[in-house]
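Remarks on the overall topology
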Amino acid sequence: MPLPPMPLQTPLNSAHRKLGAKLVDFAGWEMPLHYGSQVAEHHLVRCQCAMFDVSHMSIFDITGPDARVYLRYLLANNVDKLSDDKQALYSLMLNPGGGIIDDLMVYRLVDGYRLVANSATREKVSDWMNSVVEQVAARQPCHGHVVVDINERNDMAMVAVQGPEAVARVQSVVDTETAARLGQLPRFGALFAGESHFARTGYTGEDGLEIILPAINVENLWWRLHEAGVAPAGLGARDTLRLEAGLNLYGQDMDESSSPLEVNLGWTVAWDPQDRDFVGRQDLLAQQKKGLVSKQVGVLMTERGVLRAGQKIFFADTDTPGVLTSGSFSPTLGYSIGLGRVPVTASGRGEVDIRGKRKAVRLLKPGFVRDGRSLVGAV
C-alpha cells in the first residue's frame, strides 16, 4: 500500500524546526501550530509583535492587456479602486450563485495585478480563474477572446509581522530608504522595494505588515527579524487573534454555500458602477430583493466553558436555532467567544448547547478586540 504524500514544506521549515515549533498538517502544508505557548504568542501580537510564516498562501500574478477587464468580472470588489501600486484591496471571488469561492487580497503591479488567496483553495481557485477567462472571452462580441496570463508564483514566500511594534521592527532590518517609506505607509497601503512587496495589512486585528519576497531570501529575513526581537507565532495564535478581530476563516465561517450578505461581507461587494457585471451579481441582487434568512453575529459567553464550531444556539422567540461557525477561548478578554450564523431576527441573548447543557450567550456585532482594545463593553 503506497504511503500518503508528505505535506508540502515552506522555505522556512528548517527555521521552524530550529525554533522548536510543533508542526502540523494544515491544508496539505507542514506548518507551525505554536513554538511553545499559543497563549504567549497571542499576547505578544496584542502587546508587542510577532511574525507568522504564511508562505503557504496562494500567490497569483495576473497580467496581459485584458487583465483589468478580466478581474472586473472575476471579483466582487472593483479593481478600479486600485489607482496605483500603493494600495491593497480585499475582495471575494464568487460562483454564479453568489457563493464564496474564496476571499483574497488584490494589489496593482506595474504590468498587472497580484492576488493572494488561501492555501486550502489553491486548486479550486486556479481552475475557476482559468474557466472565467473563457467566460470573459464569450462576453466580448468584437473579438471573442481575451489575453490574460495567470501565473502562480511558487517562487515567492510570505511573512506577516503583526502587532503595535511591527512596523518599527521591520524598519530596523531594512535599508534606510525602505524604512522611511514604510513609516509613511497608511493602513491598507502597499509598496514595492526591490524584489520585496510590503502591505500594511494582516489577519489579527492589529497593525502590521505582510511581506512577499523571493523564497530564496525569506529565511534571511526571518532570522534578521528574530535578531531584532521579533518572536515567531503559529497557527494557533493566528486563529484566536483573527477570531477576536471578528475575521472569517474560509471553509469554516464561509464557503460556497455562503453569501457575502450573510457573513458580514456585503461591504466587499462593489455595486457601482451599475453597468459593471461580475460573477454572482444577479443572484446577490435577487437575495437583497427577497430578504436574508440568516446573518452572522459575534457570540460572547461569560460562563465557564468553551464555545466550539458546530454548537447550536437557541432563542426564545424562534424555533429555528443558529449555529456557531467558529469558537474559542479569548486570551485577551478571558471569556469564550465565537462567530455564529443565526436567524436574521435574532438579537440580544441566546443559549448555546454545550454537552447537553444550555449556557447563556450574548449576541454582538462581529469583532471583539481591535488594536489591543476590547470592543464588547461591560460584561
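Residues numbered from 1 in each chain as written. Predicted model: local features only at pLDDT ≥ 70, side-chain atom pairs only at ≥ 80, totals over all residues. Heavy atoms only, no water.

A word on the nonpolar core
Keep this limit in mind: As used here, the term nonpolar core means buried Ala, Val, Leu, Ile, Met, Phe, Trp, Tyr and Cys residues forming a set that is joined through side-chain atoms within 4.5 Å. Partly exposed residues are those whose accessible area sits between 20% and 50% of the maximum for their type, while under 20% is buried and over 50% is exposed, using a 1.4 Å probe and protein chains only. Secondary structure elements are taken from DSSP: a helix is a run of H or I of four residues or more, a strand is a run of E of two residues or more, and numbering for both begins at the N terminus. Contacts between residues were defined by any pair of non-hydrogen atoms, one from each residue, lying within 4.5 Å.
F52, L92, L94, I100, Y107, V116 and M254 are the most contacted members of the largest nonpolar core, which totals 32 residues. Of all the secondary-structure elements, those providing two or more residues to this core are β4 (50-53), β6 (88-94), β7 (100-109), β10 (156-162) and α8 (235-244). Top contributing element to this core by residue count: β6, with 4 residues. Dropping the residues within four chain positions of it, I100 is found in contact with L92, M93, L94, Y250, M254, D255, E256, S258, S259, P260 and V263. One finds F60, L104, V125 and V136 within the second-largest nonpolar core, a separate group that totals 28 residues.

Quick look at the packing of aromatic side chains
Inclusion rule: Aromatic rings from Phe, Tyr and Trp, taking only the six-membered ring of Trp, are treated as a pair when their centres fall within 6.5 Å; an angle between ring planes under 30 degrees marks them as stacked, one over 60 as edge-to-face, and anything in between as tilted. A ring has a charge above it when a Lys NZ or an Arg CZ is no more than 6 Å from the ring centre and no more than 35 degrees off the ring normal.
Evaluation of the coordinates by the stated rule reveals 2 aromatic pairs. Taking 5.7 Å as the distance between ring centres and 25° as the angle between the ring planes, the aromatic pair formed by Y90 and W267 counts as stacked. Note that Y90 is positioned in strand β6 and W267 in the loop between α8 and α9 (281-290), a separation of 177 residues in sequence. Look at Y90 and you get buried, because its relative accessible area is 16%. Residue placement shows R238 over the ring face of F52; its charged tip is 5.9 Å from the ring centre. Looking at R358, its charged tip hangs above the ring of F314, at a distance of 3.7 Å from the centre.

Some details on the side chain of D61
Stated formally: Here a polar contact means two N or O atoms within 3.5 Å. Within protein one must be a hydrogen donor candidate and the other an acceptor candidate, and residues neighboring in sequence count only if both atoms are side-chain atoms.
Tracing the sequence through the fold places D61 in strand β5 (residues 58-63). A polar atom in the side chain of D61 sits 2.8 Å from the side chain of R114. At 2.7 Å, the side chain of D61 and the side chain of R153 are in polar contact. Apart from residues no more than four positions distant in its own chain, D61 is found in contact with L109, Y113, R114, D149, I150, N151 and R153.

A word on the sheet that holds strand β17 (residues 318-329)
For clarity, the threshold we go by: Note on pairing: two strands pair once DSSP finds at least 2 bridges between them. Think of each axis as a best-fit line through the C-alpha atoms, taken over the contacting stretch in the case of a helix, with angles from 0 to 180 degrees between the N-to-C directions.
One closed barrel holds the 6 strands; their spatial order is β15-β18-β17-β16-β19-β20, and the pairing between them is antiparallel. Taken pair by pair, the neighbouring strands of this sheet meet at an average axis angle of 40°, ignoring direction. Here 3 bridges tie strand β16 (residues 312-315) to β17, and the two strands are oriented antiparallel to one another. By the bridge assignment, F315 is partnered in β17 with T318. The strands touched by α8 are β17 and β18 (336-343); relative to β17, the strand with the most contacts, the crossing angle is about 135°.

Topic: the packing of helix α3 (residues 67-74) against helix α4 (residues 122-138)
Heads up, the rule is: Geometric relationships in this document are graded by angle, where less than 35 degrees denotes roughly parallel, more than 145 denotes roughly antiparallel, 65 to 115 denotes roughly perpendicular, and other angles denote oblique. Polarity classes work like this: nonpolar for Ala, Val, Leu, Ile, Met, Phe, Trp, Tyr, Cys and Pro, charged for Asp, Glu, Lys and Arg, and polar for all others, with Gly in that last group.
At a minimum axis separation of 10 Å, α3 and α4 run at an interaxial angle of 110°. In terms of orientation, α3 and α4 fall into the roughly perpendicular class. Across the interface between the two elements, V69, Y70, Y73 and L74 of α3 pack against W128, M129, N130, V132, V133, Q135 and V136 of α4. The residue inventory of the contact of α3 with α4, partitioned by class, reads 9 nonpolar, 2 polar and no charged.

Digging into the side chain of R362
Threshold: Lys and Arg are tallied as positive, Asp and Glu as negative. Neither His nor the chain termini are counted. For this document, the term salt bridge refers to a Lys or Arg side-chain nitrogen within 4 Å of an Asp or Glu carboxyl oxygen.
Relative to the elements of secondary structure, R362 occurs in strand β20 (residues 357-364). E303 provides the closest opposite charge to the buried, unpaired R362, separated from it by 13 Å. Polar contacts involving the side chain of R362 include one to the main-chain carbonyl oxygen of V376, which spans 2.7 Å.

Considering the pairing of β17
As consecutive antiparallel partners, β16 and β17 are separated by 2 residues. Across 6 bridges, the pairing between β17 and β18 is antiparallel. Within β18, the residue paired with G327 across the bridge is G338. Counted between consecutive antiparallel strands, the loop separating β17 from β18 contains 6 residues, among which G334 sits at a positive phi close to 85°.

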